[in-house]
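A closer look at the structure
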Amino acid sequence: MQKAQLLRTHLRTHIPFLSANPDRLVMYVEQAQIIPNYINTLSYEYRYTLTVGIEAFTGSPDAVNAAIIEFMQTHQRDVLQNRDLADTAIKMNAEILDAQNYDLMFEIHLRELVTVKLNPDGAGLSRYDIEHNPAPIDIDSRPARWAGVDDVVTGLTWSPEAMAAFTNKEQP
């Protein structure tokens, strides 16, 4: 679940309070699902809720909101382009401790595409070549030949490269 680590790094980089107090950032993966590709491969998709807590935060919650949205624009842009998904993608709770301190809790719905190929020369975990694919491409920036090509199971729109890697097939 690479996006959880990527978000941790993003928040520590862009929120000075978390750079100075990294122990105040807690993260949990909850309600995780592993969705097989259904196309005779070992590839799959993670779907999970990432719970992000920031304890005794002394700054504006708006800055954290902006940092999370910026992360989503890079790593989960397809969600932001779909109003139904965007409406429920990020939830926030706050406990107001005093005039300048908050305990913040975010629930962020994330998805990750994982390509798995058998490595016949490997043993144990090295038997599998595993690659986390980039987020689906922008709907508006798809090449014309891919217009309308969406995964009917997940609703994702993939780049031709990600589609080929995920299905282990070359695409026309």
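Scroll up to find the structure this text is about.
First, a word on what this report is: a plain description of the structure on this page. Because the structure is a prediction, the values reported are computed rather than measured.

Take unusual backbone geometry next. Even without a glycine there, the phi angle at Q31 is positive, about 50°. Even without a glycine there, the phi angle at A56 is positive, about 50°. By the element assignment, A56 lies in strand β2 (residues 44-57).

Of all hydrophobic cores here, the largest spans 29 residues; its most connected members are L11 and V52. Elements supplying a minimum of two residues to this core: α1 (2-14), α2 (16-20), β1 (25-36), β2, α3 (61-75) and β4 (102-118). Sequence-distant contacts of V52, that is, excluding residues within four places in its chain, are made with L7, L11, L25, V26, M27, L104, M105, F106 and I108.

With that out of the way, let us pick up the packing of α1 against α3. At a closest axis distance of 10 Å, the pairing of α1 and α3 adopts a crossing angle of 135°. Relative to α3, the element α1 lies oblique. Seen along the crossing, α1 lies across α3 with a hand that is right-handed. Within the contact between the two elements, α1 uses K3, L6, L7, H10, L11 and H14 and α3 uses A67, I68, E70, F71 and H75. The class makeup of the residues in the contact of α1 with α3 is 6 nonpolar, 3 polar and 2 charged.

The next subject is the side chain of T115. Along the chain, T115 falls in strand β4. Residue class for T115 comes out buried when judged on its relative accessible area of 2%. A polar contact is formed between the side chain of T115 and the side chain of N133, at a distance of 2.6 Å.

To continue, consider the packing of aromatic side chains. On inspection of all chains with the given rule, the structure shows 3 aromatic pairs. Plain terms: the ring middles of Y44 and Y46 are 5.4 Å apart, the flat faces sit at 90° to each other, and that makes the pair edge-to-face. Given a relative accessible area of 17%, Y44 falls into the buried group. For the ring pair Y46 and Y48, a centre distance of 6.4 Å and an interplane angle of 85° mean the geometry is edge-to-face. An aromatic cluster of at least three residues, connected via ring pairs, comprises Y44, Y46 and Y48.

Looking at where H10 falls in the secondary structure, it is placed in helix α1. When its relative accessible area of 14% is taken as the criterion, H10 is described as buried.

Here is what the cut-offs are and how they apply
- Residues numbered from 1 in each chain as written.
- Predicted model: local features only at pLDDT ≥ 70, side-chain atom pairs only at ≥ 80, totals over all residues.
- Heavy atoms only, no water.
- Helix = DSSP H or I, 4+ residues; strand = E, 2+ residues; numbered from the N terminus.
- Core = buried A, V, L, I, M, F, W, Y, C linked by side-chain atoms within 4.5 Å.
- Buried < 20%, exposed > 50% of the residue type's maximum accessible area, 1.4 Å probe, protein only.
- Contact = heavy atoms within 4.5 Å.
- Axes fitted to C-alpha atoms, helices over the stretch in contact; angles between N-to-C directions.
- Parallel < 35°, antiparallel > 145°, perpendicular 65-115°, else oblique.
- Left-handed = near helix turned anticlockwise from the far one by under 90°.
- Nonpolar A, V, L, I, M, F, W, Y, C, P; charged D, E, K, R; others polar.
- Polar contact = N/O pair within 3.5 Å; in protein donor to acceptor, adjacent residues only side chain to side chain.
- Phe/Tyr/Trp six-rings, centres within 6.5 Å; stacked < 30°, edge-to-face > 60°.

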